[in-house]
Amino acid sequence: MKGSGFKLEQVLNYRCEMEKMRKQEFASAKRDFEHADDRLRREKERVENLSEEFCHRQVELESIQEIRMYVDFFARKRVDINIQKERLDQLGNIVNDRRAFLLDATKDKKVLESLKEQKAKEFKLMIEQKEQTFMDEISIQKMGNKL
């Protein structure tokens, strides 16, 4: 706004910066979630592939020790997968929290932007009214001079 300026401009700038920061935090949390999800998927695929291999090799296995190694590996992988699922749940909660923070920051910024637009419209209307009053005064003076 030209003449009067928006009195809450600094607050609006702060809220814009907050929104930008919240966007970065959300993007980071989402990226972490996606990496954890990819890791869980790869672990599950690896266990499934090894399980198929175990089924095919079961006849070839000659000792209990070899079978026990597979069993121990599968048990450890089950624990790893469960831990990764818990981590994924935690990261999902973080993503949801960051999304909520981002939405709040966006709403706060939009409120100030709409207030700024409203003040700009009011200022423009006031200027137009002053111009119209000035033009009316000029035309009255011209009419007075002609008489």
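Small disclaimer: the values here were computed from a predicted structure and weren't measured.

Engineer: Which parts of the structure should I look at to understand the packing of aromatic side chains?
Structural biologist: Aromatic ring pairs are described here by two measures, namely the spacing of the ring centres and the angle between the planes. What the rule picks out here adds up to four aromatic pairs. Their ring planes at 45 degrees and their centres at 4.9 Å tell us that Phe-54 and Tyr-70 sit as a pair that is tilted. Placement of the pair is Phe-54 in helix α1 (residues 9-57) and Tyr-70 in helix α2 (residues 64-146), with a sequence separation of 16 residues. By the ring-pair criterion, three or more aromatic residues cluster together here, those being Phe-54, Tyr-70, Phe-73 and Phe-74. Above the face of the Phe-101 ring, Arg-22 is positioned so that its terminal group lies 5.5 Å from the ring centre.

Engineer: What exactly am I supposed to notice about the side chain of Lys-77 here?
Structural biologist: Mapped onto the secondary structure, Lys-77 falls in helix α2. The class of Lys-77 is buried, set by a relative accessible area of 6%. Apart from residues lying up to four places away in sequence, Lys-77 is in contact with Glu-43, Arg-46 and Val-47.

Engineer: Hey, could you run me through the pattern of salt bridges in this one?
Structural biologist: Pairing is possible between side chains that carry opposite charge, provided their charged atoms lie close to one another. Within the structure shown, the criterion is met by ten salt bridges. Arg-41 serves as the salt-bridge partner of Glu-45, at 3.5 Å between the closest nitrogen and oxygen. One end of the pair, Glu-45, and the other, Arg-41, are both in helix α1, four residues apart, so they sit about a helical turn from each other. Glu-45 sits in the partly exposed class, given a relative accessible area of 40%. When its relative accessible area of 41% is taken as the criterion, Arg-41 is described as partly exposed. We note a salt bridge from Glu-43 to Lys-77, for which the minimum N-O separation is 2.8 Å. Here Glu-43 is found in helix α1, whereas its partner Lys-77 is found in helix α2, with 34 residues between them in sequence.

Engineer: Can you walk me through the nonpolar core in this structure?
Structural biologist: Side chains of a nonpolar character, in soluble globular proteins, are inclined to be buried together. Among the nonpolar cores identified, the biggest contains eleven residues, and these are Ala-36, Leu-40, Val-47, Phe-54, Leu-61, Tyr-70, Phe-73, Phe-74, Ile-81, Leu-88 and Leu-91. Elements that contribute at least two residues to this core include exactly α1 and α2. Discounting chain neighbours no more than four positions away, the residues touching Leu-91 are Asp-32, Phe-33 and Ala-36.

How each quantity is defined
Residues numbered from 1 in each chain as written. Predicted model: local features only at pLDDT ≥ 70, side-chain atom pairs only at ≥ 80, totals over all residues. Heavy atoms only, no water. Phe/Tyr/Trp six-rings, centres within 6.5 Å; stacked < 30°, edge-to-face > 60°. Helix = DSSP H or I, 4+ residues; strand = E, 2+ residues; numbered from the N terminus. Lys NZ or Arg CZ within 6 Å of the ring centre and 35° of its normal. Buried < 20%, exposed > 50% of the residue type's maximum accessible area, 1.4 Å probe, protein only. Contact = heavy atoms within 4.5 Å. Salt bridge = Lys/Arg side-chain N within 4 Å of Asp/Glu carboxyl O. Core = buried A, V, L, I, M, F, W, Y, C linked by side-chain atoms within 4.5 Å.

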